Amino acid sequence: MRVPDFIFMLTHNDRTIGNALDRLDEVIAIGVKHIGFKDIGLSPAALRELTDAIRGSGARVYLEVVSLDEASEAASARTAVSLNVDCLLGGTRPRVVLPIIRGTMVRYYPFAGTIVGHPSQLVGDPSQIVASAKLIADMEGVDGLDLLAYRSVGDASALISHVCSAVAPKPIIVAGSIDRPERIGAVVQGRAAAFTVGTAALDGAFPGRSDSLRDQLRYIQETVMQMAQDPRATDAAMYAR
(Lines give C-alpha, C1' and ligand atoms only; values in the text may rest on other atoms or scores of the structure.)
Protein backbone atom coordinates (compact mmCIF):
# COMPACT_ATOMS: atom_id res chain seq x y z
CA MET A 1 0.00 0.00 0.00
CA ARG A 2 1.24 3.50 -0.85
CA VAL A 3 2.86 5.43 1.99
CA PRO A 4 1.06 8.77 2.42
CA ASP A 5 3.27 11.84 2.52
CA PHE A 6 3.74 13.26 6.00
CA ILE A 7 3.46 17.05 5.96
CA PHE A 8 4.71 18.69 9.13
CA MET A 9 3.08 22.03 9.78
CA LEU A 10 5.02 24.58 11.78
CA THR A 11 1.74 25.60 13.37
CA HIS A 12 -0.09 25.47 16.67
CA ASN A 13 -3.87 25.87 16.91
CA ASP A 14 -4.07 26.93 13.27
CA ARG A 15 -1.41 29.65 13.51
CA THR A 16 2.19 29.58 12.36
CA ILE A 17 4.39 29.46 15.44
CA GLY A 18 6.45 32.52 16.19
CA ASN A 19 9.73 30.57 16.34
CA ALA A 20 9.05 28.52 13.20
CA LEU A 21 12.43 29.33 11.67
CA ASP A 22 14.25 28.25 14.83
CA ARG A 23 12.35 24.94 15.00
CA LEU A 24 12.97 24.22 11.32
CA ASP A 25 16.47 22.84 11.93
CA GLU A 26 15.00 20.05 14.10
CA VAL A 27 12.51 19.16 11.39
CA ILE A 28 15.13 19.08 8.66
CA ALA A 29 17.44 16.95 10.79
CA ILE A 30 14.80 14.20 10.97
CA GLY A 31 14.51 14.16 7.19
CA VAL A 32 10.99 15.55 6.83
CA LYS A 33 10.51 16.42 3.15
CA HIS A 34 7.11 18.12 3.28
CA ILE A 35 6.89 21.22 5.50
CA GLY A 36 4.20 23.85 5.77
CA PHE A 37 2.74 26.78 7.65
CA LYS A 38 -0.52 28.77 7.87
CA ASP A 39 -1.35 32.14 6.40
CA ILE A 40 -1.56 33.76 9.84
CA GLY A 41 0.95 34.07 12.67
CA LEU A 42 3.98 35.57 10.93
CA SER A 43 4.66 38.70 8.91
CA PRO A 44 5.06 38.45 5.11
CA ALA A 45 8.81 39.02 5.49
CA ALA A 46 9.09 36.22 8.05
CA LEU A 47 7.09 33.90 5.81
CA ARG A 48 9.49 34.68 2.97
CA GLU A 49 12.48 33.81 5.13
CA LEU A 50 10.80 30.61 6.29
CA THR A 51 9.87 29.60 2.74
CA ASP A 52 13.42 30.15 1.51
CA ALA A 53 14.82 28.07 4.38
CA ILE A 54 12.41 25.18 3.74
CA ARG A 55 13.15 25.20 0.04
CA GLY A 56 16.86 25.40 0.74
CA SER A 57 16.59 22.15 2.70
CA GLY A 58 15.19 20.37 -0.35
CA ALA A 59 11.70 19.99 1.16
CA ARG A 60 8.41 20.89 -0.52
CA VAL A 61 6.68 24.02 0.78
CA TYR A 62 3.00 24.11 1.78
CA LEU A 63 0.87 27.13 2.72
CA GLU A 64 -2.55 26.43 4.27
CA VAL A 65 -5.26 29.07 4.25
CA VAL A 66 -7.43 29.51 7.34
CA SER A 67 -8.75 33.01 6.57
CA LEU A 68 -12.52 33.32 6.93
CA ASP A 69 -13.36 36.23 4.60
CA GLU A 70 -12.99 36.56 0.84
CA ALA A 71 -10.52 39.44 0.84
CA SER A 72 -8.17 37.64 3.23
CA GLU A 73 -8.36 34.42 1.22
CA ALA A 74 -7.52 36.28 -1.98
CA ALA A 75 -4.60 37.96 -0.21
CA SER A 76 -3.36 34.57 1.00
CA ALA A 77 -3.50 33.22 -2.55
CA ARG A 78 -1.43 36.17 -3.72
CA THR A 79 1.03 35.44 -0.90
CA ALA A 80 1.30 31.83 -2.09
CA VAL A 81 2.13 33.06 -5.59
CA SER A 82 4.62 35.61 -4.28
CA LEU A 83 6.36 32.99 -2.16
CA ASN A 84 6.16 30.46 -4.99
CA VAL A 85 5.09 27.70 -2.59
CA ASP A 86 4.68 24.23 -4.01
CA CYS A 87 1.17 23.67 -2.66
CA LEU A 88 -1.64 25.94 -1.50
CA LEU A 89 -3.95 24.12 0.90
CA GLY A 90 -7.34 25.04 2.29
CA GLY A 91 -9.60 27.95 1.70
CA THR A 92 -13.22 27.75 0.62
CA ARG A 93 -13.41 29.97 -2.44
CA PRO A 94 -11.81 28.26 -5.44
CA ARG A 95 -13.53 30.65 -7.85
CA VAL A 96 -11.66 33.50 -6.16
CA VAL A 97 -8.33 31.70 -5.83
CA LEU A 98 -8.08 29.96 -9.20
CA PRO A 99 -7.72 33.16 -11.28
CA ILE A 100 -4.96 34.35 -8.92
CA ILE A 101 -2.84 31.20 -9.21
CA ARG A 102 -3.56 30.50 -12.88
CA GLY A 103 -0.36 30.24 -14.91
CA THR A 104 1.80 29.53 -11.86
CA MET A 105 3.32 26.27 -10.64
CA VAL A 106 1.33 26.37 -7.37
CA ARG A 107 -0.72 23.21 -6.83
CA TYR A 108 -4.10 23.87 -5.24
CA TYR A 109 -5.96 21.78 -2.63
CA PRO A 110 -9.01 23.68 -1.31
CA PHE A 111 -11.13 22.43 1.57
CA ALA A 112 -13.93 19.99 0.87
CA GLY A 113 -17.29 20.74 2.50
CA THR A 114 -18.44 23.67 4.60
CA ILE A 115 -15.83 25.15 6.94
CA VAL A 116 -16.63 27.34 9.93
CA GLY A 117 -14.76 28.98 12.80
CA HIS A 118 -11.16 29.12 13.91
CA PRO A 119 -9.68 26.60 14.48
CA SER A 120 -11.47 25.40 11.37
CA GLN A 121 -14.28 22.86 11.66
CA LEU A 122 -15.92 20.79 8.91
CA VAL A 123 -19.71 20.72 9.16
CA GLY A 124 -22.42 18.80 7.31
CA ASP A 125 -23.36 15.17 6.95
CA PRO A 126 -21.12 12.75 5.00
CA SER A 127 -23.25 12.86 1.85
CA GLN A 128 -23.02 16.65 1.74
CA ILE A 129 -19.25 16.56 2.25
CA VAL A 130 -18.78 13.94 -0.48
CA ALA A 131 -20.97 15.92 -2.88
CA SER A 132 -18.97 19.07 -2.18
CA ALA A 133 -15.71 17.17 -2.68
CA LYS A 134 -16.80 15.89 -6.08
CA LEU A 135 -17.99 19.31 -7.20
CA ILE A 136 -14.79 21.09 -6.18
CA ALA A 137 -12.46 18.35 -7.44
CA ASP A 138 -14.04 18.62 -10.90
CA MET A 139 -13.03 22.28 -11.21
CA GLU A 140 -10.25 22.96 -13.68
CA GLY A 141 -7.13 23.99 -11.79
CA VAL A 142 -7.99 22.12 -8.60
CA ASP A 143 -5.24 19.53 -8.09
CA GLY A 144 -6.74 17.77 -5.06
CA LEU A 145 -8.57 18.44 -1.81
CA ASP A 146 -7.81 19.29 1.81
CA LEU A 147 -10.11 17.25 4.08
CA LEU A 148 -10.66 18.15 7.75
CA ALA A 149 -11.93 14.66 8.54
CA TYR A 150 -11.06 14.80 12.25
CA ARG A 151 -12.59 18.24 12.61
CA SER A 152 -16.02 16.84 11.74
CA VAL A 153 -18.77 14.99 13.59
CA GLY A 154 -19.15 11.30 12.81
CA ASP A 155 -16.97 8.48 11.51
CA ALA A 156 -13.86 10.25 10.25
CA SER A 157 -12.19 7.09 8.95
CA ALA A 158 -15.25 6.26 6.81
CA LEU A 159 -15.36 9.84 5.55
CA ILE A 160 -11.73 9.64 4.43
CA SER A 161 -12.43 6.45 2.47
CA HIS A 162 -15.62 7.81 0.90
CA VAL A 163 -14.07 11.09 -0.19
CA CYS A 164 -10.90 9.45 -1.53
CA SER A 165 -13.00 7.01 -3.57
CA ALA A 166 -15.36 9.72 -4.81
CA VAL A 167 -12.69 12.01 -6.26
CA ALA A 168 -10.05 9.48 -7.35
CA PRO A 169 -7.56 9.81 -8.92
CA LYS A 170 -7.26 13.32 -7.50
CA PRO A 171 -5.34 13.20 -4.20
CA ILE A 172 -6.72 13.93 -0.74
CA ILE A 173 -4.68 15.53 2.05
CA VAL A 174 -6.17 14.80 5.48
CA ALA A 175 -5.53 17.74 7.79
CA GLY A 176 -6.30 18.70 11.37
CA SER A 177 -6.34 16.84 14.69
CA ILE A 178 -4.30 13.82 13.66
CA ASP A 179 -2.94 13.22 17.13
CA ARG A 180 -2.73 9.43 17.60
CA PRO A 181 -1.54 6.40 15.63
CA GLU A 182 -5.05 5.12 14.95
CA ARG A 183 -5.74 8.26 12.95
CA ILE A 184 -2.60 7.75 10.91
CA GLY A 185 -3.88 4.23 10.27
CA ALA A 186 -7.18 5.62 8.97
CA VAL A 187 -5.27 7.85 6.55
CA VAL A 188 -3.35 4.85 5.23
CA GLN A 189 -6.38 2.57 4.97
CA GLY A 190 -8.49 5.29 3.39
CA ARG A 191 -5.82 5.71 0.68
CA ALA A 192 -5.27 9.40 1.26
CA ALA A 193 -2.26 10.86 -0.50
CA ALA A 194 -0.96 12.79 2.51
CA PHE A 195 -1.71 14.03 6.01
CA THR A 196 -0.66 16.98 8.11
CA VAL A 197 0.42 17.14 11.74
CA GLY A 198 1.33 20.30 13.62
CA THR A 199 -0.03 21.00 17.09
CA ALA A 200 0.00 17.34 18.18
CA ALA A 201 3.71 16.88 17.50
CA LEU A 202 4.62 20.19 19.11
CA ASP A 203 2.60 19.21 22.19
CA GLY A 204 4.16 15.72 22.41
CA ALA A 205 0.84 13.91 21.88
CA PHE A 206 2.23 10.78 20.20
CA PRO A 207 3.64 7.85 22.21
CA GLY A 208 7.18 8.32 20.98
CA ARG A 209 10.38 7.86 22.96
CA SER A 210 9.84 11.34 24.41
CA ASP A 211 7.74 14.42 23.82
CA SER A 212 10.63 16.20 22.08
CA LEU A 213 9.83 17.36 18.57
CA ARG A 214 12.49 15.13 17.05
CA ASP A 215 11.12 12.01 18.75
CA GLN A 216 7.57 12.95 17.82
CA LEU A 217 8.45 13.38 14.16
CA ARG A 218 10.50 10.20 14.13
CA TYR A 219 7.56 8.30 15.65
CA ILE A 220 5.14 9.60 13.01
CA GLN A 221 7.52 8.69 10.18
CA GLU A 222 8.08 5.16 11.50
CA THR A 223 4.40 4.59 12.20
CA VAL A 224 3.12 5.59 8.78
CA MET A 225 5.75 3.41 7.12
CA GLN A 226 4.84 0.38 9.25
CA MET A 227 1.12 0.85 8.74
CA ALA A 228 1.53 1.14 4.99
CA GLN A 229 3.56 -2.08 4.95
CA ASP A 230 0.95 -3.91 7.06
CA PRO A 231 -2.50 -2.29 6.63
CA ARG A 232 -3.98 -4.60 9.29
CA ALA A 233 -1.68 -3.15 11.93
CA THR A 234 -3.80 -0.34 13.34
CA ASP A 235 -3.53 -1.23 17.03
CA ALA A 236 -1.88 1.71 18.76
CA ALA A 237 -0.16 -0.65 21.19
CA MET A 238 1.94 -2.03 18.35
CA TYR A 239 3.52 1.37 17.88
CA ALA A 240 4.14 2.41 21.45
CA ARG A 241 7.79 3.10 22.16
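A few points on the structure.

## Re the sheet that holds strand β5 (residues 60–65)
Across a sheet, strands are paired by hydrogen bonds formed along the backbone, either parallel or antiparallel in direction.
Stage number 1. Across the sheet, which stays open at both edges, the eight strands sit in the order β7-β6-β5-β4-β1-β12-β11-β10 with parallel pairing between neighbours. The two strands at the open ends of the sheet, each matched to only one other strand, are β7 (107–109) and β10 (145–147). For this sheet, the mean angle separating the axes of adjacent strands, direction not counted, is 25 degrees.
Stage number 2. As paired strands, β10 and strand β11 (residues 172–174) are joined by three bridges and run parallel to one another. Note on β11: the bridge partner recorded for Leu145 is Ile172.
Stage number 3. The sheet strands contacting helix α9 (residues 213–229) are β1 (5–9) and β12 (194–197), and the helix crosses β1 at an angle near 160 degrees.

## What to know about the packing of aromatic side chains
Stage number 1. Using the criterion set out here, one finds two aromatic pairs in the structure.
Stage number 2. Taken together, a centroid distance of 5.5 Å and an interplanar angle of 20 degrees make the contact between Phe6 and Phe195 stacked. With Phe6 in strand β1 and Phe195 in strand β12, this residue pair connects regions lying 189 residues apart in the sequence.
Stage number 3. Classification of Phe6 as buried rests on a relative accessible area of 8%.
Stage number 4. Look at Phe206 and Tyr219: their rings are 5.9 Å apart centre to centre, the planes differ by 35 degrees, and that puts the pair in the tilted class. One end of the pair, Phe206, is in the loop between α8 (199–202) and α9; the other, Tyr219, is in helix α9, and 13 residues separate them in sequence. Like Tyr219, Phe206 is buried.

## Description of the environment of Ala59
Stage number 1. Following the sequence through the fold, Ala59 ends up in the loop between α2 (44–56) and β5.
Stage number 2. On a C-alpha basis, the gap between Ala59 and Leu88 in space is 15 Å, while along the polypeptide they are 29 residues apart.
Stage number 3. The contacts of Ala59, once residues within four sequence positions are left out, are Val32, Lys33, His34, Ile35, Ile54 and Asp86.

## Some points on the packing of helix α1 (residues 20–29) against α2
Stage number 1. Close contact between α1 and α2 brings their axes to 10 Å; oriented N to C, the two are set at 10 degrees. If you check the angle between α1 and α2, you find them roughly parallel. Where α1 abuts α2, its residues Ala20, Leu21, Leu24 and Ile28 lie against Glu49, Leu50, Ala53 and Ile54.
Stage number 2. Considering only residue class, the contact of α1 with α2 consists of seven nonpolar, no polar and one charged.

## A word on the pairing of strand β4 (residues 34–38)
Stage number 1. In terms of burial, β4 is a largely internal element, five of the five residues being buried.
Stage number 2. Side chains of β4 alternate between two faces, with His34, Gly36 and Lys38 and Ile35 and Phe37 buried alike.
Stage number 3. In terms of handedness, the path from β4 via α2 over to β5 forms a crossover that is right-handed.

## Observations regarding the nonpolar core
Across soluble globular proteins, nonpolar side chains show a tendency to be buried alongside one another.
Stage number 1. Core analysis: the biggest nonpolar cluster contains 72 residues, and Leu88, Leu147, Ile160 and Phe195 have the highest contact counts within it.
Stage number 2. In terms of residue count, α9 provides more of this core than any other element does, seven residues in total.
Stage number 3. Leave out the neighbours within four places in its chain, and Phe195 touches Pro4, Asp5, Phe6, Ile7, Ile173, Val174, Ile178, Ile184, Val187, Ile220 and Val224.

## Some remarks on the layout of surface pockets
Stage number 1. Its boundaries defined by the atoms lining it, the largest pocket holds a volume of some 260 Å³.
Stage number 2. Along the wall of the largest pocket there are 22 residues; nearest its centre are Asp14, Arg151, Gly176, Ser177 and Thr199.
Stage number 3. Counting only elements with at least two residues in the lining of the largest pocket, the list comes to β12 and α8.
Stage number 4. A class-by-class count of the residues in the lining of the largest pocket yields nine nonpolar, eight polar and five charged.
Stage number 5. By volume, the second largest pocket is sized at about 200 Å³.
Stage number 6. For the second largest pocket, the lining is made up of 15 residues, of which Cys164, Gly190, Arg191, Ala192 and Ala193 are closest to its centre.

Rules behind the numbers
- Residues numbered from 1 in each chain as written.
- Predicted model: local features only at pLDDT ≥ 70, side-chain atom pairs only at ≥ 80, totals over all residues.
- Heavy atoms only, no water.
- Pairing = 2+ DSSP bridges.
- Helix = DSSP H or I, 4+ residues; strand = E, 2+ residues; numbered from the N terminus.
- Axes fitted to C-alpha atoms, helices over the stretch in contact; angles between N-to-C directions.
- Contact = heavy atoms within 4.5 Å.
- Phe/Tyr/Trp six-rings, centres within 6.5 Å; stacked < 30°, edge-to-face > 60°.
- Buried < 20%, exposed > 50% of the residue type's maximum accessible area, 1.4 Å probe, protein only.
- Parallel < 35°, antiparallel > 145°, perpendicular 65-115°, else oblique.
- Nonpolar A, V, L, I, M, F, W, Y, C, P; charged D, E, K, R; others polar.
- Right-handed = clockwise from strand over helix to strand, strands pointing away.
- Core = buried A, V, L, I, M, F, W, Y, C linked by side-chain atoms within 4.5 Å.
- 1 Å grid on protein atoms, 1.4 Å probe; cavity = no way out; pocket = protein on both sides within 12 Å on 5 of 7 lines; lining within 4 Å.
- Points joined across faces, edges and corners; volume = space filled by probe spheres on them.

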